[in-house]
Amino acid sequence: MTHRRHASPAVVLLPIALIVAACGGATTPSVGAAASGSGAVASSSAPSAAASQPSAPSQEPAASDAAPSAGTIPSFDLSALTGAIPGVDSYRTSFSIGGVEQYRSVVVTQPVLSKEISIVEDGAVTSRFIVIGKETWTADGADGAFEAVPEAMAGLMLLAFDPTMMLSAYANVDWGLAAVDQGAEQKNGVQARHIKIDPTTLAGLAAAMPAGSAIDIWIAEAGYIVAWEMSGFGADSDMSIQITGVDDPANTVQAPS
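Read on for an overview of the structure.

The rules we used
- Residues numbered from 1 in each chain as written.
- Predicted model: local features only at pLDDT ≥ 70, side-chain atom pairs only at ≥ 80, totals over all residues.
- Heavy atoms only, no water.
- Helix = DSSP H or I, 4+ residues; strand = E, 2+ residues; numbered from the N terminus.
- Buried < 20%, exposed > 50% of the residue type's maximum accessible area, 1.4 Å probe, protein only.
- Contact = heavy atoms within 4.5 Å.
- Areas by Shrake-Rupley, 256 points an atom, 1.4 Å probe, with all protein chains shown as cover.
- Core = buried A, V, L, I, M, F, W, Y, C linked by side-chain atoms within 4.5 Å.
- Arc of directions from axis to C-beta.
- Phe/Tyr/Trp six-rings, centres within 6.5 Å; stacked < 30°, edge-to-face > 60°.
- Lys NZ or Arg CZ within 6 Å of the ring centre and 35° of its normal.
- Salt bridge = Lys/Arg side-chain N within 4 Å of Asp/Glu carboxyl O.
- Pairing = 2+ DSSP bridges.
- Axes fitted to C-alpha atoms, helices over the stretch in contact; angles between N-to-C directions.

From N to C terminus, the chain includes five helices and 13 strands. Per-residue burial for the chain yields a buried fraction of 44% across its 257 residues. The contacts of the chain with a sequence gap of at least 6 include a subset with a gap of at least 24, amounting to 51%. Carbon and sulfur atoms provide 55% of the accessible area of the chain, an area that totals close to 12200 Å².

A word on the nonpolar core. One recurring pattern in soluble globular proteins is that nonpolar side chains are buried together. Membership of the largest hydrophobic core comes to 41 residues, with the highest contact counts inside it found for Phe-129, Ile-215, Ile-217, Tyr-224, Val-226, Trp-228 and Met-230. Look past the residues within four positions of Phe-129 in its chain and what remains in contact with it is Lys-115, Glu-116, Ile-117, Ile-119, Trp-137, Thr-138, Phe-146, Met-157, Leu-158 and Phe-161. Ranked by size, the runner-up nonpolar core spans six residues in total, among them Val-106, Ile-130, Ile-132 and Val-253.

Here we take up the environment of Gly-232. Along the polypeptide, Gly-232 turns up in the loop between strand S12 (225-231) and strand S13 (239-244). Separated by 19 residues in the primary sequence, Gly-232 and Ser-213 place their C-alpha atoms 3.9 Å from one another. For Gly-232, the residues in contact, after removing those within four places along its chain, are Pro-210, Gly-212, Ser-213 and Asp-238.

With that out of the way, let us pick up unusual backbone geometry. In the segment running from Gln-110 into Pro-111, the intervening peptide bond is cis, with an omega of 0°. Considering the arrangement of structural elements, one finds Pro-111 in the loop between strand S4 (100-108) and strand S5 (114-121). Phi at Asp-122 is positive, roughly 55°, even though this residue is not glycine. Among the structural elements, Asp-122 can be located in the loop between S5 and strand S6 (124-132). Using a relative accessible area of 56% as the deciding quantity, one classes Asp-122 as exposed. Even without being a glycine, Asp-247 presents a positive backbone phi close to 60°. Relative to the helices and strands, Asp-247 resides in the segment after S13.

A few words on helix H3 (residues 151-161). All buried positions along H3 are accounted for by Ala-154, Met-157, Leu-158 and Phe-161. Looking down the long axis of H3, one finds its buried residues gathered within 100° of arc, a one-sided arrangement. Exposed side of H3, more than 90 degrees from the buried face: Ala-152 and Leu-156 are the residues found there. Looking at the buried positions of H3, the neighbouring elements they touch are S4, S5, S6, strand S7 (135-140) and strand S8 (147-149).

Let us look at the environment of Val-120. With respect to the helices, strands and loops of the structure, Val-120 is situated in strand S5. For Val-120, a relative accessible area of 2% puts it in the buried group. Here the alpha-carbon distance between Val-120 and Gly-141, two residues 21 residues apart in the chain, equals 9.1 Å.

Moving on: the packing of aromatic side chains. The geometry of an aromatic ring pair is captured by two quantities: the separation of the ring centres and the angle between the planes. This model, assessed by the stated rule, comprises zero aromatic pairs. Taking NZ or CZ as reference, Lys-187 lies 4.1 Å from the ring centre of Trp-218, over its face.

Turning our eyes to something else, we now look at the pattern of salt bridges. Applying the stated criterion across every chain yields a total of five salt bridges. Across the salt bridge formed by Asp-248 and Arg-92, the nearest N and O atoms sit 3.6 Å from each other. On the criterion of sequence distance, the pair formed by Asp-248 in the segment after S13 and Arg-92 in strand S3 (residues 90-97) is long-range, its members being 156 residues apart. What makes Arg-92 partly exposed here is its relative accessible area of 29%. As a salt-bridge pair, Glu-101 and Arg-104 come within 2.8 Å of each other at their nearest N and O atoms.

A sheet is described by the order of its strands in space; here eleven strands give the open sequence S8-S7-S6-S5-S4-S3-S13-S12-S11-S10-S9, paired in antiparallel fashion. Single-partner strands in this sheet number two, and they are S8 and strand S9 (180-187). Neighbouring strand axes in the sheet, compared pairwise and without regard to direction, differ in orientation by 20° on average. As paired elements, S5 and S6 share eight bridges and run antiparallel to each other. Paired with Val-120 across the bridge in S6 is Val-125.

Written out as C-alpha cells, the structure is:
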C-alpha cells in the first residue's frame, strides 16, 4: 500500500508552530515530534486575561452553565480530534490541503469508538481503514477487500495517515491569547464561536504572518472544534479541517463482512 501526501507535515505545521511560539510562554514541540504522533503536547504558562484581573461579584450563571457571551472565547481541546469528541455520538471529518481533500472519516463514539477512514489522492480513494475498538481492517482503493491488521501495526499506520495527529501536539495552547473573537455564527450546521488570528493580531504580528493570511477557528458551545481553516500561507500550507454531520443517524461504522 502506498500513499503520497500533497504536502509534508512539517510544511503544514510551520504556521501553527509560529503562532504557538508567539502566544507567549508556550513551549512548542518540534515539528518532527508532532508529525510522528509522539504525544508531545504544547503547554502555555502565560496567565489568562481573566486571571490578571481582580474578580468581582457577579449574579451571572457559572461559565459551565451558560453559553459563551460576546467577547468570551470558549475553551477547546485539539487533541479530541484524534479520538472521540466529548458529548457527541457521531460525526464526519474532512481534511484538505490547498483545497484538495486528502482524508475523510466517519466517527461513531458509542458503544465503542469506531472510525471508517478514507485516504484520498487526486480525487481518488487510495486506502481505507475501519477501526472498531481495538480491531482494525485496511483495504487498498475504493473497492479493495478488507484485511485484518495486528493492533500494533494498526496504531503505527493510523499515526502516519491521520492528519489530526499533527494538531494534537498543540492541544493545550491558550488560543484565546492569540485570537480575536468574531462572534457567534452557524458553521457546518452548528452554532459556534468564530475566532481569528491574522497579521493584525498580536500573535500574528509576532509570528510575522504573511499579508492576507489568516487562521479561522469555529468552536461549538459544547467546546469542540467545528472547523479549522488556514488561508493565505501558500498552496502547500493552506489547510482545512471540517467537522460535519454531528449526531447524524446516517453515520454508521460496520465491521467488514
